[in-house]
Structure formats: structure tokens, C-alpha cells
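Fold and geometry: a report
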Amino acid sequence: MTDVDNTVEVEEDEGAGVEYLTFVLADELYGVNILEVQEIRGWEQVTRIPNSPHYVKGVINLRGTIVPIMDLRLRFNLEAEEYTKETVVIVVRTTDRRGEQRSIGLVVDAVSDVLVAREEHIVGTPEFGANVPTENITGLVTDDENMVMLLDVSSLLEADCDTDQGEAA
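These notes cover the structure that comes with them. Please read all numbers here as calculations on a predicted model, not as lab measurements.

1. Remarks on the overall build of the protein
Check the secondary structure of the protein and you find 2 helices and 10 strands. Ordered by position in the sequence, the α and β elements of the protein form the string β-β-β-β-β-α-β-β-β-β-β-α. Each of the 169 residues in the protein was classed as buried or not, and the buried ones make up 38%. Put simply, 54% of the contacts in the protein that link residues at least 6 apart link residues at least 24 apart. Just so you have it, the protein exposes about 10500 Å², and 47% of that area is on carbon and sulfur atoms.

Printed below as a string of C-alpha cells:
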């Protein structure tokens, strides 16, 4: 809107929400903050790393940066599936607890859509007790008839940092 003195008033859209890239994993929908998504790639052969956790499939060279590739099905103790032409790797970039920027590839069944979620529509993860770990889920949001679990990518890196430190000791 333009005022009489030709200044432009920018209306802030407080209700715009945050965009999440949603993907399918074992017939469930998950979402990651789209600002953390670096790129989406088809599945390609990786270079295996000896003695790595079972869910780390290996590494790829992404334009000079070595990126570990993690199978989220295996990471979340879901049943393993053979990779298909729908299988993709979502490369995300986030900050670990040491303050270092890291990229990691997440193998998922398929990319779904982009979801815009307003903060007031995101509900916290319910407590299930000690037997159901939920530290990687920041919240839940309903999209049409589907429940989308919003992932905390940096917590996936923290678990790897703990593993790295534990193995180094």
C-alpha cells in the first residue's frame, strides 16, 4: 500500500508459517525445514566406510564436500526396503552442537510435497515413556488427513557426534 508521501508500507504476513519439505518413510509422512534442504538427489552408489553404524550407507563427494549418507529407515529401526527409482537422498545442511555446519544425506522412500505450517498448528510430541524415543521429532502437524512428523535434523547429527566420541574413547 502506498501512502500520500510515496512511502511503501510492507504488510508483514505473520500467519505465513514455516515451509517443510515432506517425504514418505514406511508409509508415514515426515517433514524437514525447507531452509535446511540443500538438494534432492536420486539414489546413487556410495562409498562404504568400514565400521560405520548400520544406518550409515557410506559417503558421496558432493562438489568437493564429503557427505555421509544415512538411511532413515534403518536409523529409526524401521523395516529395511530395497531402493527403487522413487528412493531419494535429501541432502540437508544444519549446525551440530559444536556449532559446526555439516551436510548429511537422508535416504527416504520418496519426496512428497512442501507443507506450510503455522506455529499454532504444530503440536508437541507426546510422551510415550522411555521405550519410544522421540528426540528426533520436534512436533506434529496435520496436513489434510495426514499427520506429518517434523524432524529435528540437528539431533540426528548429535547422535552421530555421541557415537563418534564414544568410538574415539
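Now that the structure has been shown, we can carry on.
2. Thoughts on the environment of Glu-28
Within the element layout of this structure, Glu-28 appears in strand 2 (residues 28–33). As for Glu-28 and Asn-146, which are separated by 118 residues in sequence, their C-alpha atoms are 8.5 Å apart. If we skip the residues at most four places from it in the chain, Glu-28 touches Phe-23 and Met-149.

3. Things to note about the pairing of strand 4 (residues 56–62)
The buried count for strand 4 comes to 6 of 7 residues, which makes it a mostly enclosed element. Looking at chain direction, strand 4 and strand 5 (residues 65–71) are connected through 6 bridges and run antiparallel. Across the sheet, residue Val-56 finds its bridge partner in strand 5, namely Met-70. If you look at the hairpin formed by strand 4 and strand 5, you'll find 2 residues sitting between the two strands, and Arg-63 has a positive phi there, around 50°.

4. Considering the sheet that holds strand 7 (residues 101–108)
What the 5 strands build is an open sheet, ordered 3-6-7-5-4; its pairing is mixed. The sheet is open, and its two borders are formed by strand 3 (37–42) and strand 4, each paired with just one other strand. Direction aside, the axes of adjacent strands within the sheet are offset by 30° on average.

5. Observations regarding the pairing of strand 6 (residues 88–95)
Burial runs high along strand 6: 6 of the 8 residues are buried. In terms of strand pairing, strand 3 meets strand 6 through 5 bridges, oriented antiparallel. Considered in strand 6, the bridge of Ile-40 is made with Ile-90. Sheet topology note: the strand 6/strand 7 ladder contains 8 bridges and is antiparallel. Its bridge partner lying in strand 7, Ile-90 is registered against Leu-106. Linking strand 6 back to strand 7 in an antiparallel pair, the connection comprises 5 residues, with Gly-99 at a positive phi of about 85°.

6. Digging into the packing of aromatic side chains
Considering all chains together, one arrives at 3 aromatic pairs under this definition. Note on Trp-43 and Tyr-83: the rings are 4.5 Å apart at their centroids and 65° apart in plane angle, and the pair reads as edge-to-face. With Trp-43 in the loop between strand 3 and strand 4 and Tyr-83 in the loop between helix 1 (72–75) and strand 6, this pair connects stretches of sequence that are 40 residues apart. The exposure class of Trp-43 is partly exposed, given its relative accessible area of 26%. Cluster of aromatic residues (ring-pair linked, three or more members): Phe-23, Tyr-30 and Phe-76. Between the NZ or CZ atom of Arg-75 and the centre of the ring of Tyr-55, over which it lies, the distance is 5.1 Å.

Rules behind the numbers
- Residues numbered from 1 in each chain as written.
- Predicted model: local features only at pLDDT ≥ 70, side-chain atom pairs only at ≥ 80, totals over all residues.
- Heavy atoms only, no water.
- Helix = DSSP H or I, 4+ residues; strand = E, 2+ residues; numbered from the N terminus.
- Buried < 20%, exposed > 50% of the residue type's maximum accessible area, 1.4 Å probe, protein only.
- Contact = heavy atoms within 4.5 Å.
- Areas by Shrake-Rupley, 256 points an atom, 1.4 Å probe, with all protein chains shown as cover.
- Pairing = 2+ DSSP bridges.
- Axes fitted to C-alpha atoms, helices over the stretch in contact; angles between N-to-C directions.
- Phe/Tyr/Trp six-rings, centres within 6.5 Å; stacked < 30°, edge-to-face > 60°.
- Lys NZ or Arg CZ within 6 Å of the ring centre and 35° of its normal.

What is shown is where atoms sit, not what they do.
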